Amino acid sequence: MTTLDEIRTIYQLPFPELLWRAMSIHRAHHDPADIQRCALLSIKTGGCPEDCRYCAQSAHYDTGVAPTPLMTVEEVSRRAQRAKERGATRFCLGAAWRESKEGAPFERVLEMVREVRRLGLEACVTLGMLTEEQAHRLKEAGLTAYNHNLDTSRRHYPNIISTRLYDERMQTIRHVQKAGIAVCCGGILGLGENEEDRLMLLAELAALDPPPESIPINCLVPIPGTPLEQAAPVDPIELVRLVATARILFPRARVRLSAGRDRMSRELQALCFLAGANSIFFGDTLLTAPNPSEHADAEMFRDLGLPDFSAASS
Ligand code: SAM
Ligand code: DTB
Ligand code: SF4
């Protein structure tokens with residue numbers, strides 16, 4: 001197991017050394033030109049009972065996000081086909097739930113997963129807390145990965161969310177692992193945490209067995225109406241250091257440069273890809289917040305000489 005001291009030593013290496021190590025490990029395990037494109041769809045937006053202080057969808061804050069009912073399987077199918085045509089290989093479905101519902105809504109989500117798999121896409125869902133039984137049923141439906149973020153360090157967590165415990169997150173992750181589904185688990189930078197908190201989050205991820213298959217690194221998208229609307233932006237060099245450290249600690253994982261790319265320069269994103277980020281969300285919106293336009297991403301990929309984005313721009 002990697003200790004916090006070891007993680008800190010890596011993170012604090014001189015920048016060129018850190019980047020070189022991350023690049024070497026990246027190349028040993030991946031084609032560095034292969035950046036996974038994930039499409040993201042909110043299948044049930046807003047009205048969430050949790051009080052996550054960063055979230056546009058929490059019912060505790062007045063963010064102007066109108067709650068919607070659960071989407072139909074037909075609509076999900078249409079969106080997934082469109083995403084596939086634009087070069088997505090993974091389709092991610094998000095629901096603003098505290099825990100996954102039983103009965104008809106859950107059956108519908110299972111059907112959505114089957115449909116996404118039928119289209120030949122990887123399927124990932126994020127539905128809040130899951131029971132062991134629900135995890136098994138998702139596995140049977142063909143689910144590729146379950147996204148459940150730890151968000152921040154255990155000690156900073158209560159400052160961000162008061163309606164659930166870190167250990168409840170851990171328990172859902174265990175249920176997912178037990179069902180044989182890959183875990184997608186990461187966090188958010190810019191929640192008022194310090195460097196140590198970020199490294200502690202990486203240590204929590206490193207203690208998972210098996211390690212996460214993918215690690216989303218989100219930068220806070222500040223949402224007007226939430227307690228974190230005025231949070232300071234993440235320092236770009238700190239972001240690159242964290243991506244590089246994650247790459248070194250998790251050689252095989254997809255490190256996903258997730259929310260917040262709309263406020264990043266192309267140069268910063270390019271540095272993140274050098275440091276080992278090899279997955280993005282693409283499409284004009286994330287769940288509720290803006291993402292770079294498909295056109296801007298296609299252009300960036302073309303300029304970086306990264307393959308296969310041409311279909312998206314035509
Ligand atoms: N309700 C489920 C849950 O919380 O697990 C699934 C949906 S939730 C929106 C998925 C993840 O999106 C959160 O765990 C958080 O890491 C990320 N997220 C939400 N709002 C964000 C924001 N404003 N900026 C960056 N990341 C955000
Ligand atoms: C993840 O780590 N980031 C995505 C996905 N998993 C579900 C969500 C980002 C949400 C950004 C805020 C919004 O769109 O409301
Ligand atoms: Fe609800 Fe998820 Fe948003 Fe928290 S992050 S308020 S659980 S939708």
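Look up: the structure comes first, before these words.
So, how was this worked out
Residues numbered from 1 in each chain as written. Chains lettered and ligands numbered in written order. Predicted model: local features only at pLDDT ≥ 70, side-chain atom pairs only at ≥ 80, totals over all residues. Heavy atoms only, no water. Helix = DSSP H or I, 4+ residues; strand = E, 2+ residues; numbered from the N terminus. Expected span 1.5 Å × (residues − 1). Buried < 20%, exposed > 50% of the residue type's maximum accessible area, 1.4 Å probe, protein only. Arc of directions from axis to C-beta. Near = heavy atom within 4 Å. 1 Å grid on protein atoms, 1.4 Å probe; cavity = no way out; pocket = protein on both sides within 12 Å on 5 of 7 lines; lining within 4 Å. Sits in = over half its atoms within 2 Å of the grid points. Nonpolar A, V, L, I, M, F, W, Y, C, P; charged D, E, K, R; others polar. Polar contact = N/O pair within 3.5 Å; in protein donor to acceptor, adjacent residues only side chain to side chain. Areas by Shrake-Rupley, 256 points an atom, 1.4 Å probe, with all protein chains shown as cover. Axes fitted to C-alpha atoms, helices over the stretch in contact; angles between N-to-C directions. Parallel < 35°, antiparallel > 145°, perpendicular 65-115°, else oblique. Left-handed = near helix turned anticlockwise from the far one by under 90°. Contact = heavy atoms within 4.5 Å. Core = buried A, V, L, I, M, F, W, Y, C linked by side-chain atoms within 4.5 Å. Points joined across faces, edges and corners; volume = space filled by probe spheres on them.

Undergrad: For helix H2 (residues 15–29), give the residues involved together with the corresponding values.
TA: For H2, with 15 residues, the first-to-last C-alpha span of 21 Å sits near the 21 Å given by 1.5 Å per residue. Buried within H2 we find Leu 18, Leu 19, Ala 22 and His 26. Angularly, the buried residues of H2 cover 95 degrees about the axis, an arc narrow enough to put them on a single face. In H2, the exposed positions that point more than 90 degrees away from the buried face belong to Pro 16, Trp 20, Arg 27 and Ala 28.

Undergrad: Describe in detail the site of ligand 3, supporting the description with residues and values.
TA: Contacts to ligand 3 come from Cys 48, Glu 50, Cys 52, Tyr 54, Cys 55, Ser 58, Ala 96 and Arg 164. Here ligand 3 is seated within the largest cavity. Along the lines of polarity and charge, the residues of the shell around ligand 3 split into five nonpolar, one polar and two charged.

Undergrad: Describe in detail the site of ligand 1, supporting the description with residues and values.
TA: Looking at ligand 1, there are 17 residues lining it, with Thr 126, Asn 149, Asp 151, Arg 169 and Val 221 nearest. Contact between ligand 1 and Trp 97: a nitrogen atom at 3.3 Å from a main-chain N or O atom of the residue. At a separation of 2.7 Å, an oxygen atom of ligand 1 approaches a polar side-chain atom of Asp 151. Starting from 550 Å² of accessible surface for ligand 1 in isolation, the protein chains cover 89%. Tallied by class, the residues present in the shell around ligand 1 amount to ten nonpolar, five polar and two charged.

Undergrad: Quick rundown of the packing of helix H8 (residues 195–206) against helix H9 (residues 236–249)? Include the residues and the values.
TA: Helix packing for two helices is described by the angle between their axes and how far apart those axes are. Two numbers describe how H8 lies on H9: the axes approach to 11 Å, and their chain directions differ by 20 degrees. The angle between H8 and H9 falls in the class roughly parallel. Read as a crossing pair, H8 and H9 show a hand that is right-handed. Touching Arg 198, Leu 199 and Leu 202 of H8 are Glu 238, Leu 242, Thr 245, Ala 246 and Leu 249, all from H9.

Undergrad: Residues and numbers for the nonpolar core, please.
TA: Most often, soluble globular proteins have nonpolar side chains that are buried together. Ranked by size, the top nonpolar core spans 92 residues in total, and within it Ile 43, Phe 91, Leu 127, Leu 138 and Leu 239 carry the most contacts. For this core, the element with the highest residue contribution is H9, accounting for eight residues. Setting aside its immediate chain neighbours within four residues, Leu 127 contacts Ile 43, Ala 95, Trp 97, Glu 99, Ser 100, Phe 106, Val 109, Leu 138 and Tyr 146. One finds Ala 56, Val 221, Ala 259 and Leu 286 within the second-largest nonpolar core, a separate group that totals twelve residues.

Undergrad: How would you summarise empty space enclosed by the protein if you had to cite specific residues and measurements?
TA: Summed over all chains, the structure comprises two cavities of 30 Å³ or more. Of the pockets and cavities examined, the largest cavity occupies roughly 860 Å³. Contributing to the lining of the largest cavity are 39 residues, with Tyr 54, Cys 55, Gln 57, Asn 149 and Leu 287 lying nearest its centre. When residues of the lining of the largest cavity are traced back to their parent elements, those giving at least two are strand S2 (90–95), strand S3 (122–126) and strand S7 (214–219). Of the residues in the lining of the largest cavity, the class split is 24 nonpolar, ten polar and five charged. Looking at the second largest cavity, the residues that line it are Gly 186, Gly 187, Leu 189, Leu 201, Leu 202, Leu 205, Ile 215, Pro 216, Ile 217 and Leu 242. Elements that contribute at least two residues to the lining of the second largest cavity include exactly strand S6 (187–189), H8 and S7. A breakdown of the residues in the lining of the second largest cavity according to their chemical character gives eight nonpolar, two polar and no charged.

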